[in-house]
Amino acid sequence: MTKRMIVGVDIGGTTIKIALLDPNGEIITKTQIPTPVSEGEDAIIGKMTNTIDQLMAEQGFTKEEAYGIGIGVPGPVDTDTGFVYEAVNLGIKDTALKAKTEALTGLPTYVENDANAAALGEMWRGAGQGTDNLVAITLGTGIGGGIIIDGKIVHGVKGVGGEIGHVTVNPDGPLCNCGKKGCMERYGSATAIILGIETAAKEGRSAYLAKQLAEKGSLTAKDAFDAAAEGDLVAQEVIDQAAFYTGFGLSHIANLLNPAKIVIGGGVSAAGDALFSLIRKSFDTYTWKIAADSCEILPATLGNDAGVIGAGWLVKQGESK
């Protein structure tokens, strides 16, 4: 019997992750390479396709044994044409990523927003297994999101459906990079938590955080949770605020969509119950009880593999059409 496989790619601003998957979504092998952002889009695509060729050759796969390539990219995408409107962190704008990749590899290619790809990965092989109605968010530098209804990603007309990080949770809140005020991203992301504890340290409101900042030069979101565990009340206030607004923002999503699961990943989610219990409390307060009772809030389980696995799912779905 001929062996078959799928190529999954997750293009990030720092690294390009590439995996070969079996048809069930299990990773056969994977690698990552630096993203040559400064060299332009053709260099990014060329390096990606060259690495795919090398990885396939190393594992003894021919092009005929590949179902295709799935790619997650950080920006709005026309999934029908594989056209990337803009990926700011990659310096890519108005790029026919599907067409260019297919021309270089000869393989069918499917393109999706990276957060959506991660959501699909969690549905297929991760914490979202068992339902095709879920929401996935990533608490990292920003807040990314993906919404899956009846097994299909919600894209909207310009590919920005599911941008949960830009749900307004406080109309009088701080200005967001998107141009409006009070986005969930400005409260629940690692960036927001770091800003909160570093400001407190510099203003002298926490001797513990001030000492940490003086010793390290900069702080991380993990430092906030470590400080809170040591009894630092200021750090706990920052965490409480982040969790409150994250749960509040997610309540709007649950009231609107009634998902079975909300899966939370990203670096901040590593805090575990110290974060999740607080998010759940806020979520339950503002979510209609019937929607809250039917929704689990769970940590993501695939970590950095979610994007490549979800990209593989795109190929699997494309093959079945």
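Residues numbered from 1 in each chain as written. Predicted model: local features only at pLDDT ≥ 70, side-chain atom pairs only at ≥ 80, totals over all residues. Heavy atoms only, no water.

A. Structural detail: the domain arrangement of the chain. In terms of domains, the chain is made up of domain 1 (5–122 + 305–319) and domain 2 (130–300). Just the C-alpha atoms count here: the centres of domain 1 and domain 2 sit 28 Å apart. If you look at the interface, domain 1 gives ten residues, while domain 2 gives 15 residues. Of the roughly 1,000 Å² buried at the junction of domain 1 and domain 2 (both faces included), carbon and sulfur atoms supply 59%. Looking at the side of domain 1 facing domain 2, the largest losses of area belong to Asn-116, Ala-119 and Glu-122, adding up to 43% of the total buried there. Linking domain 1 to domain 2 there are one residue pair in polar contact (both at pLDDT 80 or more). (Domains from an automatic or database assignment. Contact = heavy atoms within 4.5 Å. Buried area = accessible area lost by both parts, 1.4 Å probe. Polar contact = N/O pair within 3.5 Å; in protein donor to acceptor, adjacent residues only side chain to side chain.)

B. Just the packing of helix H5 (residues 190–202) against helix H6 (residues 207–216), in detail. Packing of H5 against H6 brings their axes to within 8 Å, and their N-to-C directions diverge by 100 degrees. Judged by the inter-axis angle, H5 sits roughly perpendicular to H6. Mapping the contact onto sequence places Ile-197, Glu-198, Ala-200, Ala-201 and Lys-202 in H5 and Leu-209, Ala-210 and Leu-213 in H6. Among the residues forming the contact of H5 with H6, the class breakdown is six nonpolar, no polar and two charged. (Axes fitted to C-alpha atoms, helices over the stretch in contact; angles between N-to-C directions. Helix = DSSP H or I, 4+ residues; strand = E, 2+ residues; numbered from the N terminus. Parallel < 35°, antiparallel > 145°, perpendicular 65-115°, else oblique. Nonpolar A, V, L, I, M, F, W, Y, C, P; charged D, E, K, R; others polar.)

C. Layout of the pattern of salt bridges. As enumerated under the stated definition, the model contains twelve salt bridges in all. A salt bridge links Lys-30 to Asp-305, with the nearest nitrogen and oxygen atoms 2.9 Å apart. In this pair, Lys-30 is assigned in strand E3 (residues 27–34) and Asp-305 in the loop between strand E13 (296–299) and helix H11 (306–320), connecting sequence segments 275 residues apart. Here Glu-203 makes a salt bridge to Arg-205, at a shortest N to O gap of 2.9 Å. Taken together, the salt bridges that share partners define one network made up of Glu-41, Asp-42 and Lys-100. (Salt bridge = Lys/Arg side-chain N within 4 Å of Asp/Glu carboxyl O.)

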